There are 2 protein chains.
Amino acid sequence: MFPAMRVKISGLDPHQQYYIAMDIVPVDNKRYRYVYHSSKWMVAGNADSPVPPRVYIHPDSPASGETWMRQVISFDKLKLTNNELDDQGHIILHSMHKYQPRVHVIRKDCGDDLSPVKPIPSGEGVKAFSFPETVFTTVTAYQNQQITRLKIDRNPFAKGFRDSGRNRMGLEALVESYAFWRPSLRTLTFEDIPGIPKQGNNLICKRNKLI
Amino acid sequence: MFPAMRVKISGLDPHQQYYIAMDIVPVDNKRYRYVYHSSKWMVAGNADSPVPPRVYIHPDSPASGETWMRQVISFDKLKLTNNELDDQGHIILHSMHKYQPRVHVIRKDCGDDLSPVKPIPSGEGVKAFSFPETVFTTVTAYQNQQITRLKIDRNPFAKGFRDSGRNRMGLEALVESYAFWRPSLRTLTFEDIPGIPKQGNNLICKRNKLI
DNA sequence: TAATTGGCACCTAGGTGGTAACAT
DNA sequence: ATGTTACCACCTAGGTGCCAATTA
């Protein structure tokens, strides 16, 4: 998933151990199609049947609150797939659906049975955070030239496809309109429910069998 | 350092947390030179003045005894240098000296002030293990064509220098004579002092400013 | 003379979008 | 007609020995 989700956390007990994890849940019960002439995603029927739920446990887990709060927490190793039989531990999603990533902060004593293939426990000592501006639509091929340009211009691994110099015009405005691309980080505060919903921006993810 | 040190550990308390670390200590107070016609390392004076001691803390630290015992513990990220002013946290050694790597198993409560630039604490809850067959001589350029061949034939990153096919004769015997290259792992048992000294084999390490 | 350094070509390992072929 | 896949060239990032130049 590019760009990767990145967060900062405050309000943890420095000496308490925590797991941090991410899962990705459907935004609604719909399947979408992209209408080129209006540049919009439109409902195209009901969602496909549910897929096995998966959890990405941040590889630094478990770690102390002090450790988590000292660094920017990046989920750049999280992988997506549309293969329901995946055995690589990747998060399984349907293509052409809308999804919401969620960050989970789990006190160690509540997360010792945490597993990539089991739902995240709930209750005291477990908090979930959703940032509405990170909602995205899954695809296997980009539907929109602006998204392709953003991907190419922002991802170091796509440098080989960059337009050298010309055609740069309009990029800044484009970045502005997709909130997730802004360099700012969201900050989670463990004791509060964060994030007054802002205007949702769709972020499109794709990769091969990975969506 | 190639080949990397790899160990298995048994006898830990599965539910206890441990740090695992490595340091590298001088074998003697001598400096060496390689005598080509006799294919031997000879004493060439007294050792250079001591360098700042450094510790490599295994990146999986701290972890439970269960975790440590389940896996082969590899030190393949450990780096050496001959630069006494190094600021990358590498282990500092003199070239043309003999060294002994040591593996340290440190109960978490005894290692919370562990640092790459501080000596390893000693006492109850800390055990050190040395394997005499891993003694090596530091160089900045190989002194011996057999060593060069071993390095090239065994290291995936040196594939570009391999002799395709011919000249393979004699490699197996060469591997045999350098104990450290054998695929076997040494097993540490936490409660025992391991390793009846075997015939020492010199393993030669080099890399640029890294020795 | 012997030891060391820095730049190089050559690898491993893996993350990109493009594109043609394939599937639905 | 649309969505998906497999393979490709092109990158990033970093670990090798080689070799010519430099240093002591």
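Structure: see above.
To start, this report covers the structure provided alongside it. (Residues numbered from 1 in each chain as written. Chains lettered and ligands numbered in written order. Predicted model: local features only at pLDDT ≥ 70, side-chain atom pairs only at ≥ 80, totals over all residues. Heavy atoms only, no water.)

**What about the overall build of chain A?**
Basically, it comes down to this: Every helix listed is a DSSP run of H or I at least four residues long, and every strand listed is a run of E at least two residues long, numbered separately from the N terminus. A 1.4 Å probe rolled over the protein chains alone gives each residue an accessible area, and that area as a share of the maximum for its type sets the label: buried under 20%, exposed over 50%, partly exposed in between. Residue contacts follow a heavy-atom distance rule, with two residues in contact if any of their heavy atoms lie within 4.5 Å.
The secondary structure content of chain A amounts to three helices and 14 strands. Scored against the burial criterion, the 211 residues of chain A give a buried share of 43%. Within chain A, residue pairs in contact and separated by at least 24 positions form 76% of the contacts whose partners lie at least 6 positions apart.

**Comments concerning unusual backbone geometry**
P62 of chain A follows S61 of chain A through a cis peptide bond whose omega is -10 degrees. Here P62 of chain A is to be found in the loop between β5 (56–57) and β6 (63–64). With an omega of 0 degrees, the peptide bond between F2 of chain B and P3 of chain B qualifies as cis. Mapped onto the fold, P3 of chain B is located in the segment before β1 (6–10). Although it is not a glycine, M96 of chain B sits at a positive phi angle of roughly 65 degrees. Mapped onto the fold, M96 of chain B is located in the loop between β9 (91–92) and β10 (98–107). Judged by relative accessible area, M96 of chain B falls into the buried class, the value being 16%.

**Brief notes about the pairing of strand β4 (residues 40–46) of chain B**
Note on strand geometry: in a regular strand, side chains alternate between the two faces of the sheet. Residues and elements named next belong to chain B. As a reminder, the rule being used: For two strands to be treated as a pair, DSSP must find at least two bridges joining them.
The sheet contact formed by strand β3 (residues 30–35) and β4 spans five bridges and is antiparallel. By the bridge assignment, V35 is partnered in β4 with K40. Counting the residues between successive antiparallel strands, the hairpin from β3 to β4 contains four residues, one of them, S39, with a positive phi of roughly 55 degrees.

**Things to note about helix α2 (residues 145–154) of chain B**
For clarity, the threshold we go by: Think of a polar contact as two N or O atoms within 3.5 Å of one another; within protein, one of them needs to be a possible hydrogen donor and the other a possible acceptor, and neighboring residues in sequence only count if both atoms come from side chains.
What α2 of chain B keeps buried is the set I147, L150, K151 and I152 of chain B. Sitting at the head of α2 of chain B, N144 of chain B places a side-chain oxygen 2.7 Å from the backbone nitrogen of Q146 of chain B.

**A short note on the environment of S122 of chain B**
Residues and elements named next belong to chain B. In this structure, S122 sits in the loop between β10 and β11 (126–130). Judged by relative accessible area, S122 falls into the exposed class, the value being 70%. Along the sequence, S122 and F75 sit 47 residues apart, while their C-alpha atoms lie 21 Å from each other.

**Regarding the nonpolar core**
Across soluble globular proteins, nonpolar side chains have a tendency to be buried as a group. Definition in use: The term nonpolar core refers to a set of buried residues drawn from Ala, Val, Leu, Ile, Met, Phe, Trp, Tyr and Cys, joined through side-chain atoms within 4.5 Å.
Judged by nonpolar contacts, the single largest core of 24 residues is most densely connected at I20, I24, F75, L78 and L80 of chain A. For this core, the elements supplying multiple residues, two or more each, are β1 (6–10), β2 (17–26) and β10 (98–107) of chain A. Counting residues per element, this core draws most heavily on β2 of chain A, at four residues. Membership of the second largest hydrophobic core comes to 23 residues, among which are M5, L12, L78 and L93 of chain B.

**Considering the pattern of salt bridges**
Residues and elements named next belong to chain B. Quick reminder of the rule: For salt bridges, the criterion is a side-chain nitrogen of Lys or Arg within 4 Å of an Asp or Glu carboxyl oxygen.
Tallied over the full model, the rule gives ten salt bridges over all chains. A salt bridge links R102 to D23; the nearest nitrogen and oxygen atoms lie 2.7 Å apart. Placement of the pair is R102 in strand β10 and D23 in strand β2 (residues 17–26), with a sequence separation of 79 residues. Relative accessible area serves as the criterion here: at 25%, R102 is assigned to the partly exposed category. R31 is the partner of D48 in a salt bridge, and the nearest nitrogen-oxygen pair spans 3.2 Å. In this pair, D48 is assigned in the loop between β4 and β5 (56–57) and R31 in strand β3, connecting sequence segments 17 residues apart.

**Description of the environment of H37 of chain A**
Residue and element names in this part refer to chain A. Along the chain, H37 falls in the loop between β3 (30–35) and β4 (40–46). Accessibility expressed as a relative area gives 74% for H37, which makes it exposed. For the pair H37 and T137, spaced 100 residues apart in sequence, the C-alpha separation works out to 18 Å.

Everything listed here is a matter of geometry and, on its own, says nothing about what the molecule does.
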